[in-house]
Amino acid sequence: MSIIYRRFHEFSSFSPKFPDKVLERNVWLCILGAYLLTSVVIAVFDYYSPYSMRYVKDKIDDDDNEGDDRVFTLKESLWFCFTSLTPQGGGEGPRALSGRLVTATWWLFGFIVVASYTANLAAFLTVSRLDRNIQTFDDLTIQYKVRYSPVEGTATARHFEMLAMNEERFYEVWKDLSLNDSMTDEERARLAVWEYPVGDRFTKILAQMNEIEKPTSFEGAIRKIRDSPSPREGFGLVGEAPSLQWIQMFSCDMILVGPEFAFRPVAFPIKKGDPLGLKKKIDPVLKRIKNDGRLDALRSKYWDRSLMKRKCRDYRKLSDGITLRNSGGLFIIVGVCLFTTLLVLSVENIVISFFMHFEVERNELKSHGADKLERKNFLHRTWIKYINWMKS
């Protein structure tokens, strides 16, 4: 028998769930809310404070200003709060004391957020590279997060039921002997050397298997394995080693856990009594091809060197550094930002072109002395003209 489990690769920053692995989604939402709220507060304080630059700009000398002439509109506040989270910094802060207090609070908040994100990211990178899959069947039985069971109604399920039943039977035999009143004190003292000489390992294993809903088919068990979320949670299938090895040959996301256990010989069933004498004919042939090494050669041909076997990467080898798989998200961010800038540039040019045509049309109407109705409808005609110009 053996156990097959999902093989977990190194984490990928290409995954849309990558940000949730470093910080939870509700934390990201709170940070976004704090960013928007702080930007609005800075803009409001700068607008209503009598000491803001928008009101005292004309009252101070250029020498005393020292380049601090920044007016914090909502757009400028959003940009300031965003760049404050980067190493470049947000630049000069508000001139008013109230705005500076809000800015200092945001700087402290941003420092803590960036430090926490950096620490969590470093810890996640380290743990994701060092986190290993379950190695043996004993590792599987001493933990409770990864569930395991055979397919319902198979010979493997019956095997564990028989082992648990035998442990229960041995326990009952020992209990009857130790509580037998017909025994002398000396005989009872001999049995009292062991408080519980019969182990209950397979009884506990069967209890863990019965706690979950066992798969009713082999295909359903494979789907349940692939749904495992992490190396420390999920499902492992206990089954016949040849069947599980066959599945592993075609699936790079599957791995056999540890060495095989509970060895049982494979035999050919024949009719009781063997009226045709098949046993006497088959046994010598099997022994001969086994001793000649032909069985090992056939196994190597159709299993180890099979043309259908997939060549999978050995994920047990740790990389010396960060690979493209777990850092590719950074390049995606750069690409998305560059595309966004091109989109914004296009929108800016479209808007400017529209208003330029708008101004030209209005000047033409004024110069030709258009009446009020024409002035009222010139926006509609300008828009139609702009659409035609864009199509051309």
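Note that the structure is a prediction, hence the values are computed from the model and not measured.

Criteria and cut-off values
Residues numbered from 1 in each chain as written. Predicted model: local features only at pLDDT ≥ 70, side-chain atom pairs only at ≥ 80, totals over all residues. Heavy atoms only, no water. Phe/Tyr/Trp six-rings, centres within 6.5 Å; stacked < 30°, edge-to-face > 60°. Buried < 20%, exposed > 50% of the residue type's maximum accessible area, 1.4 Å probe, protein only. Lys NZ or Arg CZ within 6 Å of the ring centre and 35° of its normal. Pairing = 2+ DSSP bridges. Helix = DSSP H or I, 4+ residues; strand = E, 2+ residues; numbered from the N terminus. Axes fitted to C-alpha atoms, helices over the stretch in contact; angles between N-to-C directions. Core = buried A, V, L, I, M, F, W, Y, C linked by side-chain atoms within 4.5 Å. Contact = heavy atoms within 4.5 Å.

Concerning the packing of aromatic side chains
Right, on to step 1. In this structure the tally under the stated criterion is 12 aromatic pairs.
Right, on to step 2. Judged by centre distance (5.0 Å) and plane angle (85°), the rings of Y47 and Y48 are edge-to-face.
Right, on to step 3. Residue Y47 is classed as partly exposed on the basis of its relative accessible area of 44%.
Right, on to step 4. For Y48, a relative accessible area of 63% gives the class exposed.
Right, on to step 5. The structure contains a cluster of three or more aromatic residues connected by ring pairs, namely F137, Y148, F160, F202 and F261.
Right, on to step 6. Note that R201 overlies the ring of F202, its terminal NZ or CZ placed 5.3 Å from the centroid.
Right, on to step 7. Positioned above the aromatic ring of F235, the side-chain terminus of K224 is 4.8 Å from the ring centre.

Some details on the sheet that holds strand β2 (residues 146-149)
Right, on to step 1. What the four strands build is an open sheet, ordered β2-β3-β1-β4; its pairing is mixed. Each end of this open sheet is capped by a strand with a single partner; those strands are β2 and β4 (254-257). Taking each pair of neighbouring strands and ignoring which way they run, the sheet shows an average axis angle of 30°.
Right, on to step 2. In the sheet, strand β1 (residues 2-6) pairs with β4 via four bridges, with the strands oriented antiparallel. For R6, the partnering residue across the bridge sits in β4 and is M254.

Thoughts on the nonpolar core
Right, on to step 1. Counting 16 residues, the largest nonpolar core has I3, F160, V238 and F261 as the members making the most contacts within it.
Right, on to step 2. For this core, the secondary structure elements donating two or more residues are β1, α7 (137-141), β2, α10 (201-210) and β4.
Right, on to step 3. Discounting residues that sit within four places of it in the chain, V238 has contacts with S2, I3, Y148, S149, P150, V151, T156, F160, M209 and F261.
Right, on to step 4. One finds I225, F235, L244 and L256 within the second-largest nonpolar core, a separate group that totals 12 residues.

Structural measurements only, silent on function.
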